[in-house]
Amino acid sequence: KAGVTQTPRYLIKTRGQQVTLSCSPISGHRSVSWYQQTPGQGLQFLFEYFSETQRNKGNFPGRFSGRQFSNSRSEMNVSTLELGDSALYLCASSLVGQGAANSPLHFGNGTRLTVT
Amino acid sequence: AQSVTQLGSHVSVSEGALVLLRCNYSSSVPPYLFWYVQYPNQGLQLLLKYTTGATLVKGINGFEAEFKKSETSFHLTKPSAHMSDAAEYFCAGKAAGNKLTFGGGTRVLVKP
């Protein structure tokens, strides 16, 4: 079974631009979660989508948004990029979502975003 | 709300020595706990999980963790470190119905 696939692996953008990251979950997984990972803040939860609906949201500004399609693939968008948005963005899928006990997250290799 | 604390952001061990990574959680309800490992330029990989039942949980790559409710701990151990164990390790936990919360991570250095 193929794992979680994130594209692209690396991105370089300029301040003020916008970016879209893509995530394809493991086949059959209906939940997709997004995390931002930085050396200073560690792993921070962005949001979780389940069956095309946002089920949970972290404490990030409205510049960060996401969506999920009917095939469970998900995209994350960041508008008006700031230098502080430079990070590794990780996508994780799970069978029935984070709220379930026996539904661990399976992570992709991430997209490394650099904002200059 | 569930919170997870990892003691020690860096740990250095000699090859063949015991690896011990500490994790404490706080929760008012029985937690679900996980350990993940992250190798450079990769995502997180699940090492093991505790949901219910046996308090000693065995995972992949020779790792195991023990759930101790009285100490609110879920420490990760491996009897004999290997060079390939050099990575960053994350403890994570959640209460039922809540999202997963990660600890700050512990970077393991293995000395030959």
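Above this text you will find the structure in question.
Residues numbered from 1 in each chain as written. Chains lettered and ligands numbered in written order. Predicted model: local features only at pLDDT ≥ 70, side-chain atom pairs only at ≥ 80, totals over all residues. Heavy atoms only, no water.

A. Examining the overall build of chain B more closely. Each helix and strand counted, chain B has zero helices and 11 strands in total. Going from the N terminus to the C terminus, chain B shows its helices and strands as β-β-β-β-β-β-β-β-β-β-β. Relative to a compact globule of 112 residues, whose C-alpha radius of gyration would be 13 Å, chain B shows 13 Å and is just as compact. Split into buried and exposed, the 112 residues of chain B put 46% on the buried side. For chain B, the proportion of contacts with a sequence separation of at least 24, taken over those separated by at least 6, is 55%. On chain B, roughly 5300 Å² of surface is accessible, and the fraction owed to carbon and sulfur atoms is 53%. Taking the average place of the 10 positive charges on the side chains of chain B and the average place of its 6 negative ones, the gap between the two points comes to 7 Å. (Helix = DSSP H or I, 4+ residues; strand = E, 2+ residues; numbered from the N terminus. Rg over C-alpha atoms; globule rule 2.2 N^0.38 Å. Buried < 20%, exposed > 50% of the residue type's maximum accessible area, 1.4 Å probe, protein only. Contact = heavy atoms within 4.5 Å. Areas by Shrake-Rupley, 256 points an atom, 1.4 Å probe, with all protein chains shown as cover. Lys, Arg positive; Asp, Glu negative; His and termini not counted. Charge placed at Lys NZ, Arg CZ, Asp CG, Glu CD.)

B. Up close: the interface of chain B and chain A. In this assembly, 19 residues from chain B lie in contact with 21 residues from chain A. For the pair chain B and chain A, the summed buried surface comes to about 1600 Å²; carbon and sulfur atoms form 55% of the total. Remark: the boundary between chain B and chain A carries zero salt bridges. On the surface where chain B and chain A come into contact, there are four residue pairs in polar contact (both at pLDDT 80 or more). Elements that contribute at least two residues to the side of chain B that touches chain A include exactly β4 (32-38), β5 (44-50) and β9 (87-94) of chain B. A class-by-class count of the residues in the side of chain B that touches chain A yields nine nonpolar, seven polar and three charged. (Buried area = accessible area lost by both parts, 1.4 Å probe. Salt bridge = Lys/Arg side-chain N within 4 Å of Asp/Glu carboxyl O. Polar contact = N/O pair within 3.5 Å; in protein donor to acceptor, adjacent residues only side chain to side chain. Nonpolar A, V, L, I, M, F, W, Y, C, P; charged D, E, K, R; others polar.)

C. The arrangement of the sheet that holds strand β8 (residues 74-78) of chain A in detail. Residue and element names in this part refer to chain A. What the four strands build is an open sheet, ordered β1-β3-β8-β7; its pairing is antiparallel. Taken across any chain shown, the strands that pair with only one partner, and hence form the sheet edges, are β1 (5-7) and β7 (64-68). Adjacent strand axes in the sheet meet at a mean angle of 20° when their direction is disregarded. Bridging between β7 and β8 involves five bridges; their strand directions are antiparallel. Each bridged residue has a counterpart across the sheet, and for Ser65 the counterpart in β8 is Asn77. (Pairing = 2+ DSSP bridges. Axes fitted to C-alpha atoms, helices over the stretch in contact; angles between N-to-C directions.)

D. Spatial organisation of the state of the cysteines. Summed over all chains, the structure comprises two disulfides over all chains. Disulfide partner of Cys23 of chain A: Cys91 of chain A, at an S-S distance of 1.7 Å. Sign of the S-S torsion, about -55° for the bond between Cys23 of chain A and Cys91 of chain A, identifies this disulfide as left-handed. In this pair, Cys23 of chain A is assigned in strand β3 (residues 19-24) and Cys91 of chain A in strand β9 (residues 87-94), connecting sequence segments 68 residues apart. The same class applies to Cys23 of chain A and to Cys91 of chain A, which are both buried. With its sulfur 2.0 Å from that of its partner, Cys23 of chain B forms a disulfide with Cys91 of chain B. Looking along the S-S bond of the Cys23 of chain B-Cys91 of chain B disulfide, the torsion reads about -65°, which is the left-handed sense. Here Cys23 of chain B, found in strand β3 (residues 19-26), pairs with Cys91 of chain B, found in strand β9; they are 68 residues apart in sequence, far enough to count as distant. (Disulfide = S-S within 2.5 Å.)

E. How the structure looks around the environment of Leu21 of chain B. All names here are of chain B. In this structure, Leu21 sits in strand β3. Sequence spacing of Leu21 and Leu7 is 14 residues, and the spatial spacing of their C-alpha atoms is 7.6 Å. Not counting chain neighbours up to four residues away, the residues in contact with Leu21 comprise Val11, Trp35, His75, Leu76, Tyr89, Thr106 and Val108.

F. Region of interest: the pattern of salt bridges. Summed over the entire model, instances satisfying the criterion amount to eight salt bridges over all chains. Among the salt bridges present, the one from Glu82 of chain A reaches Arg63 of chain A, with a minimum N-O distance of 3.6 Å. One end of the pair, Glu82 of chain A, is in the loop between β8 and β9; the other, Arg63 of chain A, is in the loop between β6 (53-57) and β7, and 19 residues separate them in sequence. Accessibility expressed as a relative area gives 42% for Glu82 of chain A, which makes it partly exposed. Note that Glu64 of chain B is salt-bridged to Lys58 of chain B, the shortest N-O span being 2.8 Å. With relative accessibility at 63%, the residue Lys58 of chain B sits in the exposed group. Linked by salt bridges that have partners in common, Arg63, Glu82 and Asp85 of chain A make up one network.

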